[in-house]
Amino acid sequence: MIAELGLALLWIAAALACLSLVAGILFLRGGPKDLGALVRPASVAQGVLTAAAFGLLIALFVRSDMSVELVARNSNSLKPMIFKVAGTWGNHEGSMLLWLMILSLSGGLIAIFEKRLREDTLIATLAAQAALSIGFFAFLLFSSNPFKRLPVAPPDGQGLNPLLQDIGLAFHPPTLYVGYVGLSVAFSFAVGALITREIGPAFARAMRPWVLGSWIFLTLGITAGSYWAYYELGWGGWWFWDPVENVSLVPWLAGAALLHSVAVTATRNALRAWTVMLAVIGFSMSMVGTFIVRSGLLTSVHSFAVDPERGTFLLVLMAIYIGGALTLFALRAGAVAEGKKFALLSREGSLVINNLLLTTILALVLLGTLYPIVAEAMGEKISVGPPYYNRVAGPLALILCLVMVAGPLLSWRKDDGKRLWSRLPLAIFAGSAVLFALILFGGKVGILPLLGMTVAGIVAVASLAPLWGRNLRRTPLPTWGMVVAHFGVAVCLAGMGAESAFIKERLVAAAPGDDIRIGDFSVKFVGVKPVAGPNYTAIEGTLVATSSSGTSFTMKPEARTFPGLMGTAPTETNEAALLTRPGGQLYAVLGQPVTGDDGRADRYQIRLWWKPLVWWIWLGGGLIAVGAALSMLGRAQLLAIWRARRARKAEERFAP
Amino acid sequence: MSKTCSTSSRSPAKAGVQGGKVRRGRKVALDPRFRGGAWLLAALLLAATGMFSSLSLAQDRLPPAPYAYQQLKDPAQEARAKALMEELRCLVCQGQSIADSDAPLAGDMRHEVRSKIAAGESPGEIKTWLVARYGNWVSYDPPFDAATAFLWLGPLLFLAIGGWLAFGRFRRGASDGEDAA
């Protein structure tokens, strides 16, 4: 019954999306005002119903209803509850329903909260959002029905990929999806504003909190995903320049560019066409990313829910939406004046360079990701990986960070070089100090990590400069947000540089009682013992790490074996043990048993890494998200909206 | 060792030798419609007929080759080997370098790389040797040639076009051009 109800709710929600679209179009073409009044409630109802359908799908997973094909294929009654719930979106259909739910809820949220846009622009925006969701409703209902029943229910399900049976699954995909799909709001705003030709500071101010909001989630999602891959994949890598990572980075870059350009439009009424263009690009990149990940077009370490046949459907949808938005943009571009001009050495000037660099990085990441596909079609098989990205994107990113040093210190319209220079000595001193320290004491450090840490030093000091000489209590929230986010970039950069430059690795076949030296630690391999988890068995190793100061820590890495369920093959995974210290992390993995030269079989492969400052990478990512959140709180003016609403309600109450 | 090696779970031969034990089996890998299948098959054939034939058949029965999970004694040599391994693609995995894969083939390639470095070969020579056998696919660092010219020059082109477009936004001279279109 639950499955049928869920499907029915999806159909009703799809019908409401059609209603919003049709009513919106008729209203905008001069139809009766009542039609326009339908759009808001229809959008809200669509959001609520889709969310309810998603809730029902979770209920099916929780109840382990094996008569539903999706549950039977991806769940198992023995699985711990948290993974039953999270398993809902650990597969193609469930993740697409999550995608659609966020798309619909975004529309509902615009309908409830957006009060600053002109009524017709708002309706055009909601109609655009409805048009987006109709395509994805069609995709879900016609080719990926999550509620499909099996003719005969199997006794139990096939279980969830053990690699995904981790708390990371509960947080990473939903967070990333909120970010990905949240950008649809910016897309719809852009389309709405193009339709009604209302592009200016008011439109930019209305759009800004939504952009910030989805970008916060994108940042958190990417940061969490990076940490998850780091501890789960068992080799300690935190960024692989893998296609799936790249397609999550691309919308993030577009979002970063957009939230800076929208600041220029909101404050100075400049860069109007560019802001609209970026808003279109942002969600387009989300769709491209979804398509690449879902279609299995590229091989990746992180693809867990792939279906090539549905790729074509997504490709068509994508072509319609991106093509439609770009056509609209081309038709209206003439009507969108670029806005006010400004000097190169000004806040706007630095933000334009920021946008130039961000979009160049975006383009080259996309180029590197798609190039192997195109090359293969032309008969060349090539791989594009870390060496390419580090060499090409690395320098651009460092230049971008230097622009970030200058930008916040410049004033709008125009500024002069001497004034900028006079604010920089401390930052330059910090950078030089880092550089000299690294050259003198750092040993052999690669050029990119060396420059990275130097720039991190400069940015760390310079990012705080906008607070100097200010009354900290009166500093507006968005300024605090900017400072925290830029400081986060420095922290992240320092972590990346230190980890790449000073990582220590030890791979050994150790017998119980052996001591392994790594970094400042002496690690004793005590032994192994079998343990049983809720749905796996494991060999648990015990390592005692003693630091140079004499403190001991016990680490317990596991090699797990998940039994094959309902005819599937068994799977092994490694649970790394992590020891977080102020100076970095010790990362331990227990590998296969090996036979020593003496023929004894009690040795185990043990992999150890000392990763200096590695956790700064994710701390930095977190700080960037916190900064964006502060900025959003400042910009959304939630308090002001709430007050205005209360005043209006009071007014209505006394109206005759 | 959680990264998947798809072939080990796809190849009946390997699965058979491993007694049905699948390393890191993954849904993608088990999906027969998976598009990469053709190329994985090609890689398998390559592995079966190519220079790894003896190694890859042997490694399923025998413990991993010594240098698959063991570092070189000389730190300088190990650093060179490590740098090279990070640039080499694990041919049967999904987007991983041989430096961070648990696939048996990746282990064999690590052993190959470390042995050759220990024998005094330069990373460049080893890479040339591998590329000659497996094509450019094996290297994450694409060479600069006719096929990859746009890959390497594209970013410069983007920067140039973007810079040219952005330059038009700046006010030239002292005139305060408000609202120029």
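Residues numbered from 1 in each chain as written. Chains lettered and ligands numbered in written order. Predicted model: local features only at pLDDT ≥ 70, side-chain atom pairs only at ≥ 80, totals over all residues.

Residue and element names in this part refer to chain A. The end-to-end C-alpha separation of helix H15 (residues 425-441) is 24 Å, in line with the 24 Å expected for 17 residues at 1.5 Å each. Tucked inside the fold, the buried residues of H15 contact helix H13 (386-406) and helix H16 (447-464). Backbone geometry just after H15 places Gly443 at a positive phi near 75°. (Helix = DSSP H or I, 4+ residues; strand = E, 2+ residues; numbered from the N terminus. Expected span 1.5 Å × (residues − 1). Contact = placed C-beta atoms within 7 Å.)

Moving on, we get to the nonpolar core. All names here are of chain A. Core analysis: the biggest nonpolar cluster contains 252 residues, and Ala186 and Val459 have the highest contact counts within it. Sort the elements by how many residues they give to this core and helix H8 (residues 201-232) lands first, with 18 residues. Residue contacts for Ala186: discarding those within four places in its chain leaves Met207, Trp210, Val211, Leu258, Ala279, Gly282 and Phe283. (Core = buried A, V, L, I, M, F, W, Y, C linked by C-beta atoms within 7 Å. Buried ≥ 20, exposed ≤ 12 C-beta atoms within 10 Å, placed from the backbone.)

Before going further, it helps to examine the sheet that holds strand S8 (residues 577-581) of chain A. Residue and element names in this part refer to chain A. With respect to topology, four strands assemble into an open sheet ordered S1-S10-S9-S8, the strand pairing being antiparallel. Strands with a single pairing partner mark the edges of an open sheet, and in this sheet they are strand S1 (504-510) and S8. Each neighbouring strand pair of the sheet contributes to a mean axis angle of 15°, computed without reference to strand direction. (Pairing = 2+ DSSP bridges. Axes fitted to C-alpha atoms, helices over the stretch in contact; angles between N-to-C directions.)

Caution is warranted with low-pLDDT regions, since their predicted coordinates should not be read in detail. All names here are of chain B. Chain-level pLDDT for chain B is 67 on average; 58% of the residues reach the 70-or-more range. Of all secondary-structure elements in chain B, the lowest mean pLDDT belongs to helix H2 (residues 12-17), at 31, while helix H8 (residues 123-134) reaches the highest, 92. This model gives residues 173-181 a pLDDT under 50, and the stretch forms nine contacts once residues within four places in sequence are excluded. (pLDDT = per-residue confidence, 0-100.)

A separate point is the domain arrangement of chain A. All names here are of chain A. Each assigned domain of chain A is listed with its residue range as follows: domain 1 (1-165), domain 2 (197-411) and domain 3 (504-615). The gap between the C-alpha centroids of domain 1 and domain 3 is 43 Å. Contacts between the two partners involve eleven residues from domain 1, matched on the other side by ten residues from domain 3. Classifying every residue of the side of domain 1 that touches domain 3 by side-chain character gives five nonpolar, four polar and two charged. (Domains from an automatic or database assignment. Nonpolar A, V, L, I, M, F, W, Y, C, P; charged D, E, K, R; others polar.)

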